[in-house]
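# Examining the three-dimensional arrangement
The residues making up each chain are set out below.
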Amino acid sequence: MSHPQTLFPQTSFHAPSLLQTRRATVSSRTAGAQLRKLRETGRYRAFSLEPQPAYADRGRWPCPPAVYWDSDVAKWLEGACYLLADAYDAELDAAVRDIAAMIRGAQQADGYINTWFTIAEPERRWSNIRDQHELYNAGHLIEAALAHSNYYKNNLLIEPIEKYVKYISTVIGPGPDQKHAYPGHPEIELALLRLYTATGNKEAYGLAQYFIEERGNQKGQDGQPYYDWEREQRGDSPWKHPDSYQMHDSHWYNQAHAPILEQKSIEGHAVRAMYLLTGVADLLCLDKLGVKSFDRRDEYHKALTRLWNNMVDKKMYLTGGIGSMWQWEGFGIDYFLPQGSDEGGCYNETCASIGVIMLAERLLHLELNSKYADVMELCLYNAVMTGLSLQGTEFTYVNQLASSDADRNRREDWFDTSCCPPNVMRLFGSLGGYLWDYGGEGKDAYVNVHLYTTAKVTFRVDDGQIVLEQKSNWPWKGNVMFLLQAPTSASVTLRLRIPSWARGRFTLTPSCKAAELEKGYLVLPPDFTAENRAFSIQIGGFQPRFLSPHPYTNQQTLTLARGPLVYCVEDVDNDWEQDHFRNVGIEADAEVEESDEVVHQIGERYVALRAACWIRQLPEGRPESSAAAEPGAQPGSSQQQLPDAAQEEGEGEGVERRRGVLTFVPYYLRANRGGEGHMRVGLLRR
């Protein structure tokens, strides 16, 4: 079975494109910058088992930052291996070899690998699986080992990892003397299934299946939910709980409030939810492809579809971001999607949208439906790409849609919890594997094209080598040219995604009467591809358009978009703004102009948009929240004597407007070009 992390070397980004530029930046600058941070913070030497100053910091209960250092290092190693496969770098190679040797040396005699619990709390192994990330760290070590093995063609890390998996399977499982546990932070599920796919390790598959099916069992250990049982074993008060748990038994934070099959809506910590469901989808993919049977595939597929639909329809931002609640870095109630922290939330962690991309890619193997690829593209170009600076050395953890004085539009070079920077690195390192899926046997071959750019994929079927090349100026223009090379005996079917935002507008040249649109993919049959090795498709939807959130959000706002890109406004382009665009609005029928621009520091081109706007001016000397003559006299404002137009807008008496012009830039460009940190995606609608 294919995974993007395995197949990406078969795709080359062989000519200029926005994605090639980002990958080149990650390779030339991001990997090295993160390596320096690993060294500066002590993470790099963690697996040497030398005590680090950070281990003395126990101030953040129940999970000090150093508890998940293993995962930070593992993700960096994984990403470095992907980048090395594309372009050799002696510094990265030396660091990977050094870290791999330390990981081997850190393994205990029984197979255990975890730096925190080996150095800082050896007596507390497996005592708090809910909070302390042992299984999460193990999952990322598994993925790092797979990447290492694929690049170096050896088992230097696979060998200790399989020993670790064997050990875990003795500690956790359904037996009477085992812990009936499942990860507090899912991730190991998808990693174990990737390990099974690569090696056939049956213990890995068994553990993954157990974690998925046991999660949410309300009578799992001695008649209790496992997390309650282990809390009692620790002697913790039932009223003692982490800040992210709104109540002591808020197991929805970990998606453990009910078995997965019974969960009606997507809940809890957003990254955990995405990693969990990606593991579920992978389990089902193994069954569908005949690799390993799973007799509950239909039930779990129904649950996956239900949770995906709830997320996208009711809990996803227009940028593809997820997680409206800062308190638990996750999902709120349906349609609660504030743009910024001063409106009550908007977290949108970079890792969460990377998780959406991972889940969407797996779901495409279960059902080739363009809705999954549409969301994958939305996240990639907006919620994820904004997480990396143009220079490749600064990052965002939180991706709000509106800034405020408390949370300005800015970036950092590292974080205490630094899951996001190496996650971006490993995604862009393996990005070629997300563009398409492909395969075949005998003389039959297929390629399903999910994402457009300039790239080339090369693979083999029984009848010989297949090469499909696409060339475009995506995401700026919709014309994509294809060139297919295949043996004359090969029968090649191509499926091209037609994005939903194109609204069915596309032109295939030359035309194909036999082509059919199936669930958002234009199917080009073998007769067409045999006669037309070179062809093109022009996809519509590259004119500026307005988006608005669902009416039930009660947000009367408009957002500009063009193609797959969502736009925002920043004060660096609109230097008159001093209040985070809170009082700025646009009209749905406003004329929008385009202009080609360049980020002069690095020469990167983009399309800017300009439109007329109006600026709300509240009367001087009156409180923001009221037009009352005296502060504290009444809430709201009078509507009774206002003209009809003002009443419709609900602005209250005494409110004035002036006209202006706004410049919009792609959301991914934010916080790159200076300014005072004022930014907004959705503007007041008139």
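The text that follows walks through the structure, step by step, so that each part is easy to find. (Residues numbered from 1 in each chain as written. Predicted model: local features only at pLDDT ≥ 70, side-chain atom pairs only at ≥ 80, totals over all residues. Heavy atoms only, no water.)

## With respect to empty space enclosed by the protein
The criterion, for reference: Think of a 1 Å grid over just the protein atoms. A cavity is a set of points where a 1.4 Å probe fits yet cannot get out, a pocket is an open set with protein on both sides within 12 Å along at least five of seven lines, and lining residues have an atom within 4 Å of a point. Grid points are joined across faces, edges and corners, and a volume is the space filled by probe spheres set on the points. To qualify as a helix, a DSSP run of H or I must reach at least 4 residues; to qualify as a strand, a run of E must reach at least 2; elements of each kind are numbered from the N terminus. Only Asp, Glu, Lys and Arg are considered charged, only Ala, Val, Leu, Ile, Met, Phe, Trp, Tyr, Cys and Pro nonpolar, and every remaining residue, Gly among them, polar.
For the structure shown, the criterion picks out 6 cavities of 30 Å³ or more. The volume enclosed by the largest cavity comes to roughly 90 Å³. Around the largest cavity, the lining residues are His3, Pro4, Gln5, Glu143, Leu190, Arg194, Thr278, Asp282, Met358, Glu361, Arg362 and Tyr434. For the lining of the largest cavity, the elements supplying multiple residues, two or more each, are α1 (4–7), α8 (188–199), α11 (270–288) and α13 (350–366). Among the elements that line the lining of the largest cavity, the one with the most residues is α13, at 3 residues. Looking at the lining of the largest cavity residue by residue, the classes come out as 4 nonpolar, 3 polar and 5 charged. Of the pockets and cavities examined, the second largest cavity occupies roughly 60 Å³.

## Observations regarding the packing of aromatic side chains
Two measures describe an aromatic ring pair: the distance that separates the ring centres and the angle between the ring planes. What counts here: What counts as a ring pair is set by centres within 6.5 Å for rings of Phe, Tyr and Trp (its six-membered ring), and what kind of pair is set by the plane angle: stacked under 30 degrees, edge-to-face over 60, tilted for all other angles. Working definition: with a 1.4 Å probe on protein chains only, accessible area under 20% of the residue-type maximum means buried, over 50% means exposed, and in between means partly exposed.
In total, this model carries 29 aromatic pairs according to the counting rule given. Consider the rings of tryptophan 308 and tyrosine 372, whose centres lie 5.1 Å apart with planes at 70°: the pair is edge-to-face. In this pair, tryptophan 308 is assigned in helix α12 (residues 297–314) and tyrosine 372 in helix α14 (residues 370–384), connecting sequence segments 64 residues apart. Residue class for tryptophan 308 comes out buried when judged on its relative accessible area of 3%. Between tryptophan 474 and phenylalanine 542 the ring centres are 5.1 Å apart and the planes differ by 80°, which places this aromatic pair in the edge-to-face class. Placement of the pair is tryptophan 474 in the loop between β5 (464–472) and β6 (479–485) and phenylalanine 542 in the loop between β11 (534–539) and β12 (545–547), with a sequence separation of 68 residues. As far as the burial class goes, tryptophan 474 and phenylalanine 542 line up, both buried. Of the aromatic side chains, those joined through ring pairs into one cluster are Tyr452, Trp474, Phe482, Trp501, Phe528, Phe535 and Phe542.

## Quick word on the sheet that holds strand β3 (residues 444–449)
Backbone hydrogen bonds hold the strands of a sheet together, and the pairing may be parallel or antiparallel. Inclusion rule: DSSP bridges decide pairing: two strands pair if at least two such bridges lie between them. Geometry is summarised by axes, namely lines fitted to C-alpha atoms with helices restricted to the contacting stretch, and by angles between N-to-C directions that run from 0 to 180 degrees. Contacts are residue-level and defined by heavy atoms, with any inter-residue pair within 4.5 Å sufficient.
Strand order in this open sheet of 5 strands is β2-β3-β7-β10-β9, and the pairing throughout is mixed. With partners counted over all chains shown, the strands left at the sheet margins are β2 (436–441) and β9 (516–518), one partner each. Across the sheet, the mean angle from the axis of one strand to that of its neighbour is 20°, orientation sign disregarded. Bridge count for strand β7 (residues 491–497) against strand β10 (residues 521–524) is 4 bridges, and the pairing is antiparallel. Across the sheet, the residue bridging to leucine 496 is leucine 522, located in β10. The sheet contacts of α14 involve β7 and β10, and relative to β7 the element is tilted by about 60°.

## Considerations on the sheet that holds β5
Strand order in the open sheet made by the 6 strands is β1-β4-β5-β6-β11-β8, with antiparallel pairing throughout. Where the open sheet ends on each side, the last strands, each with one partner, are β1 (11–12) and β8 (506–509). In this structure, β6 lies alongside β11, joined through 5 bridges in antiparallel fashion. The partner of valine 480 across the bridge, within β11, is isoleucine 537.

## Observations regarding the side chain of glutamine 263
Within the secondary structure layout, glutamine 263 lies in the loop between α10 (226–234) and α11. Setting aside residues no more than four positions away along its own chain, glutamine 263 makes contact with Gln255, His257, Ala258, Arg306 and Leu307.

The analysis is restricted to geometry; functional conclusions fall outside its scope.
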